[in-house]
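Observations on the model geometry
Spelled out, the chains give:
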Amino acid sequence: PVAACVLAFAFALKVLLFPAYRSTDFEVHRNWLAVTHSLPLAEWYVDETSEWTLDSPPLFAWFEYLLSLVAALVDPEMLVVSNLSYASEATIAFQRASVIATESVLILAAYLFCRRAKRGAFGVLAFLIALNPGLLIVDHIHFQYNGLLLGIFMLSLEALQRENVLLSALLFSVLLNMKHLFAVAGPYFFVYMLRRYCFLPRGKFSFGRFLLLGLVVASVCGLSLGPFVLNGTIGNLLGRLFPFGRGLCHAYWAPNFWALYSAADKVLVKLARLVPGLALDVEEGNLAGGLVGVAKFGVLPQITPTTTLVLVVLSMAPCLVRTWRNPKPANVLRDVAYVNLCGFMFGYHVHEKAVLHFIIPMAFSAVLSKSLASDYARTSWPAYISLLPLLFRPEEQLLKQLVVAFHCIIVTSLSQSRGRRRTGKGSRASALYVPSLVGLQVYTNFHQVIFGSKYAFLPLLLMSVSSSLGLFHLFCRQFWTYVV
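The secondary structure content of the chain amounts to 20 helices and zero strands. Relative to the 2.2 N^0.38 estimate, which gives 23 Å for 484 residues, the radius of gyration of the chain is 23 Å and therefore close to what a compact globule would have. Across its three principal axes, the chain shows a C-alpha extent of roughly 70 × 60 × 50 Å. For the chain, the proportion of its 484 residues judged to be buried stands at 51%. For the chain, the share of sequence-separated contacts (at least 6 apart) that also reach a separation of at least 24 residues comes to 76%. Carbon and sulfur atoms provide 67% of the accessible area of the chain, an area that totals close to 22100 Å².

Rendered as structure tokens:
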């Protein structure tokens, strides 16, 4: 009954959000509906009528095509490629409703995980997922389909916990061919499946199982990419999936290690200006300008995609080594959340929305494990607050802050009621960090009143760096647990 009430309330709230702010991602997905419905397959990854070209893997394009079959019954005009920025009331309602409907995949995953948990677990997890501030902000206001993608991801983890390795491999392969950014979890899936499925209890390697596992993955990838190999547009497809020309940091710095690195470079550039006779190209150090593109650091060493890849692999290595030694189904959620955190912390051109890739698995583990509930509660504050700049209109200011504050206060209270409160320097630092983070968020509401048009990027810089400190602290603590 609790879960049903939560889901009903969440559904009503999301319907009320239909008229809310829509980012350019709304037009992105409308254009993808039009492209996949109106153009032949050979033009999907070639068409440039809109600046928002199709840049997701093929299975997500086919998902858009299936949606377009229903969209044609609602408002055919939304499927005309040349109707740029088309947004009739019917189109808005349809696209908003499609996000709600496809999020049911994530709710299904939550239900399946809770079948083996204590009574009442699904009610709590339904609250953490259906009323999740990250999903409300990113999917139901800003507009994306993370609920669907994370649902498939969590279903693959649920299958992995049940020792249904082939189903897990199938689901994860489908996911990668819908959103390739989930590939950061690939090394963990490979190590876990190889060690637990391909090696028999006495340590003997089963080549047959290895081939079967490879066949499942290859079949999905073949069905997904094969048609584009045959029509000669595979090069266009791959070029759109990996646009390294966008630079290390996104326009609004994701709260990761590179935000701290960029901020440090910004400070060093300012200090370098004070040194007489020191030649420095200030523009090269201007990574705080909020622009997308390949920028150069003014003082600190330049960072290449290869560098970020090496750091991601090295940071997740202790987890992979421990998994190889002892792959336990009970550790799957915690380990995957950590691996995704590594990708977020050190990846190249990471979006702030990628916090969902590790915070959602942490929400699942918080309900299923008392020891991990406090980690989720502490992480919720910087993770969800870092998403607030996505909604910048005055109309959404109060709503977004209430949604985040309500969720974080509830989960903090629940985590404290489920276990002993920690004491010591760490707990005191945490007690100071959260109010400071909230205080900075309050300041951003009044920045323009104080400074006018000056220092326009300063609020974003402060929010990114302050959130980065909390998430980097989480990474360091978890990294240490795997090392020792």
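With that out of the way, let us pick up the environment of Val28. Following the sequence through the fold, Val28 ends up in helix α2 (residues 24-38). With a relative accessible area of 8%, Val28 lands in the buried category. A sequence separation of 116 residues divides Val28 from Gln144, and the C-alpha atoms of the two residues are 9.6 Å apart.

Counting residues in hydrophobic clusters, the biggest one holds 145 residues, and the most contacted among them are Phe153 and Phe364. Ranked by the residues each element gives to this core, the list is headed by helix α15 (residues 332-346), at eleven residues. Setting aside anything within four residues of it in sequence, one finds Phe364 in contact with Leu106, Ala109, Ala110, Phe113, Leu125, Ile129, Met154 and Leu333.

Within helix α10 (residues 186-198), burial applies to Gly186, Tyr188, Phe189, Val191, Tyr192, Met193, Leu194, Tyr197 and Cys198. As for α10, its buried residues are in contact with α8 (146-161), α9 (165-176), α11 (207-230), α14 (305-325) and α15.

Moving on, we come to the side chain of Lys400. Take Lys400: it is sitting in helix α18 (residues 394-418). The buried charged residue Lys400 lacks any salt bridge partner; its closest oppositely charged side chain belongs to Glu396, at an N-O distance of 7.9 Å. Apart from residues lying up to four places away in sequence, Lys400 is in contact with Leu388, Pro389 and Leu391.

This paragraph deals with the confidence of the model for the chain. For the chain, per-residue confidence averages 91 on the pLDDT scale, and residues scoring 70 or more make up 93% of the total. The low-confidence segment residues 288-292, where pLDDT is below 50, has eleven contacts with residues more than four positions distant or belonging to other chains.

A few words on unusual backbone geometry. The phi torsion at Ser85 lies on the positive side, around 60°, for a residue other than glycine. Secondary-structure assignment places Ser85 in the loop between α3 (58-74) and α4 (89-102). Even without a glycine there, the phi angle at Glu163 is positive, about 70°. Its location among the elements puts Glu163 in the loop between α8 and α9. Overall, Glu163 belongs to the partly exposed group, its relative accessible area being 37%.

With that settled, consider a nonpolar patch on the surface. A cluster of nonpolar residues, Val438, Val442, Phe446, Val449, Ile450, Phe451 and Tyr455, forms a patch on the protein surface that exposes about 680 Å² of accessible area. Here Val449 lies in helix α19 (residues 425-451).

With that settled, consider the environment of Gly239. Within the secondary structure, Gly239 is located in helix α12 (residues 234-241). Distance from Gly239 to Phe113, taken between C-alpha atoms, is 37 Å for residues 126 residues apart in sequence.

Scanning all chains against the criterion turns up twelve salt bridges. With a closest N to O distance of 3.3 Å, Arg116 and Glu158 form a salt bridge. With Arg116 in the loop between α5 (104-114) and α6 (121-130) and Glu158 in helix α8, this pair connects stretches of sequence that are 42 residues apart. A single salt-bridge network, built from bridges that share partners, covers Arg115, Arg116, Glu158 and Arg162.

As a further point, take helix α7 (residues 133-143). Counting buried residues along α7, eleven of its eleven residues qualify, which places the element largely inside the surrounding structure. At the N-terminal end of α7, a side-chain oxygen is found 2.9 Å from the backbone nitrogen of Gly134, two or three residues along, and the residue is Asn132.

A separate point is the packing of aromatic side chains. Applying the stated criterion across every chain, the model contains 36 aromatic pairs. Judged by centre distance (5.2 Å) and plane angle (55°), the ring pair of Phe60 and Phe63 falls under tilted. Of this pair, Phe60 and Phe63 are both found in helix α3, three residues apart, which corresponds to roughly one turn of the helix. Pair check on accessibility: Phe60 and Phe63 agree, each one buried. Seen from their ring centres, Phe472 and Phe475 are 6.0 Å apart, and the 25° between their planes marks the pair as stacked. In this pair, Phe472 and Phe475 both sit in helix α20 (residues 458-483), three residues apart, roughly one turn of the helix. Phe472 gets classed as partly exposed once you look at its relative accessible area, which sits at 22%. By the ring-pair criterion, three or more aromatic residues cluster together here, those being Phe257, Trp258, Tyr261, Phe297, Tyr338, Phe346, Phe472, Phe475, Phe479 and Tyr482. The ring of Phe199 is capped by Arg195, whose NZ or CZ atom sits 5.5 Å from the centre of that ring.

Conventions used here
Residues numbered from 1 in each chain as written. Predicted model: local features only at pLDDT ≥ 70, side-chain atom pairs only at ≥ 80, totals over all residues. Heavy atoms only, no water. Helix = DSSP H or I, 4+ residues; strand = E, 2+ residues; numbered from the N terminus. Rg over C-alpha atoms; globule rule 2.2 N^0.38 Å. Buried < 20%, exposed > 50% of the residue type's maximum accessible area, 1.4 Å probe, protein only. Contact = heavy atoms within 4.5 Å. Areas by Shrake-Rupley, 256 points an atom, 1.4 Å probe, with all protein chains shown as cover. Core = buried A, V, L, I, M, F, W, Y, C linked by side-chain atoms within 4.5 Å. Lys, Arg positive; Asp, Glu negative; His and termini not counted. Salt bridge = Lys/Arg side-chain N within 4 Å of Asp/Glu carboxyl O. pLDDT = per-residue confidence, 0-100. Patch = residues over 30% accessible without salt bridge, like charges linked within 9 Å, V, L, I, M, F, W, Y side chains within 5 Å. Polar contact = N/O pair within 3.5 Å; in protein donor to acceptor, adjacent residues only side chain to side chain. Phe/Tyr/Trp six-rings, centres within 6.5 Å; stacked < 30°, edge-to-face > 60°. Lys NZ or Arg CZ within 6 Å of the ring centre and 35° of its normal.

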